[in-house]
Amino acid sequence: RKRGQPWYRHYVLASNARMTEFQGALLLAQLERLNEQNRLRRENARHLDALLADVEGISPSRQLPEGDSSYHIYMFRYQPEYFDGVDKQRFVAALQAEGIDGVFGGYTTPLYANPMFMEKDFMGGAYPLDAFENGRAINYANFARRCPVSERACASEAVWIPQTMLLGNPEDMTDISEAIKKVQRLARQLH
């Protein structure tokens, strides 16, 4: 990563650093709380899903019925046309102004658009980023045309709420929902 660039912009594939023994000891102590925190995040996510179900222009991510998500991030689809055309960045800023501090717009570009892939810079060489598809080297620049949903999600639709916000109480989920509804009601004033 480089200073001043988007947080998920990668220029070269880096090493896989291992944690220290001290970090491991802290993690072990925290793991005792994991199951309860995952349960609370799932419960709050379901509650938030229900609160947002009737908000036109907001679509929470669907969960697989057989899975138990730990909700590292709660994502929803934002459709600007239901918010007087307010772009995603203004929408997120308005939610932050309403006290939903952790909300953000997610990735600024899809993973394949990272310079690491576009320049095929893998620790001094192209392999394995220079993989082949149907006998031809993969051209990551073509993925923008091949992946319109990913492009749209990053540019204008995907909104993320970090998992820490799901550790609150049901009233906190109501606050998030009410903030979204307020931004929708007042969207015209955001232009």
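So, a few notes on the structure that sits alongside this text.

Rules behind the numbers
- Residues numbered from 1 in each chain as written.
- Predicted model: local features only at pLDDT ≥ 70, side-chain atom pairs only at ≥ 80, totals over all residues.
- Heavy atoms only, no water.
- Axes fitted to C-alpha atoms, helices over the stretch in contact; angles between N-to-C directions.
- Helix = DSSP H or I, 4+ residues; strand = E, 2+ residues; numbered from the N terminus.
- Parallel < 35°, antiparallel > 145°, perpendicular 65-115°, else oblique.
- Left-handed = near helix turned anticlockwise from the far one by under 90°.
- Contact = heavy atoms within 4.5 Å.
- Salt bridge = Lys/Arg side-chain N within 4 Å of Asp/Glu carboxyl O.
- Buried < 20%, exposed > 50% of the residue type's maximum accessible area, 1.4 Å probe, protein only.
- 1 Å grid on protein atoms, 1.4 Å probe; cavity = no way out; pocket = protein on both sides within 12 Å on 5 of 7 lines; lining within 4 Å.
- Points joined across faces, edges and corners; volume = space filled by probe spheres on them.
- Nonpolar A, V, L, I, M, F, W, Y, C, P; charged D, E, K, R; others polar.
- Pairing = 2+ DSSP bridges.

Here we look at the packing of helix α2 (residues 34–52) against helix α7 (residues 170–185)
At a closest axis distance of 9 Å, the pairing of α2 and α7 adopts a crossing angle of 30 degrees. With respect to their mutual orientation, α2 and α7 come out roughly parallel. The chirality of how α2 crosses α7 is right-handed. Residues Asn44, His47, Leu48, Leu51 and Leu52 of α2 form the contact with α7, whose participating residues are Pro170, Met173, Thr174, Ile176, Ser177, Ile180 and Lys181.

Some points on the pattern of salt bridges
Throughout the structure, instances matching the rule amount to seven salt bridges. Among the salt bridges present, the one from Glu157 reaches Arg152, with a minimum N-O distance of 3.1 Å. On the basis of relative accessibility, which here comes to 10%, the residue Glu157 falls in the buried class. One salt bridge connects Lys181 with Glu178, and the closest N-O pair in it is separated by 3.7 Å. Here Lys181 pairs with Glu178, and both are found in helix α7, just three residues apart, close to one helical turn. Each of the salt bridges in this network shares a partner with another, and the network as a whole consists of Glu36, Arg39 and Glu43.

Some words on empty space enclosed by the protein
Counting across every chain of the model gives one cavity of 30 Å³ or more. Approximately 30 Å³ is the volume attributed to the largest cavity. Considering only residue class, the lining of the largest cavity consists of four nonpolar, three polar and one charged.

So, the packing of helix α3 (residues 88–97) against α7
The N-to-C vectors of α3 and α7 enclose an angle of 125 degrees; their axes lie 9 Å apart at closest approach. It follows from the interaxial angle that α3 and α7 lie oblique. For the pair α3 and α7, the sense of crossing is right-handed. Between α3, through Phe91, Ala94 and Leu95, and α7, the contact on the second element is made entirely by Ala179, Ile180 and Val183.

What to know about the sheet that holds strand β1 (residues 58–60)
Spatially, the three strands line up as an open sheet ordered β1-β2-β5, and their pairing is antiparallel. A single partner strand is all that each edge strand has here, and the edge strands are β1 and β5 (158–162). If you compare each strand with its neighbour and ignore which way they point, the axes differ by 30 degrees on average. Two elements, β1 and strand β2 (residues 73–78), share three bridges in a ladder whose sense is antiparallel. Across the sheet, residue Ile58 finds its bridge partner in β2, namely Tyr78. The strands touched by α2 within the sheet are β1, β2 and β5, with β2 carrying the most contacts at an inclination of about 15 degrees. Sitting on the sheet, α3 touches β1, β2 and β5, and the angle it makes with β5 is about 30 degrees.

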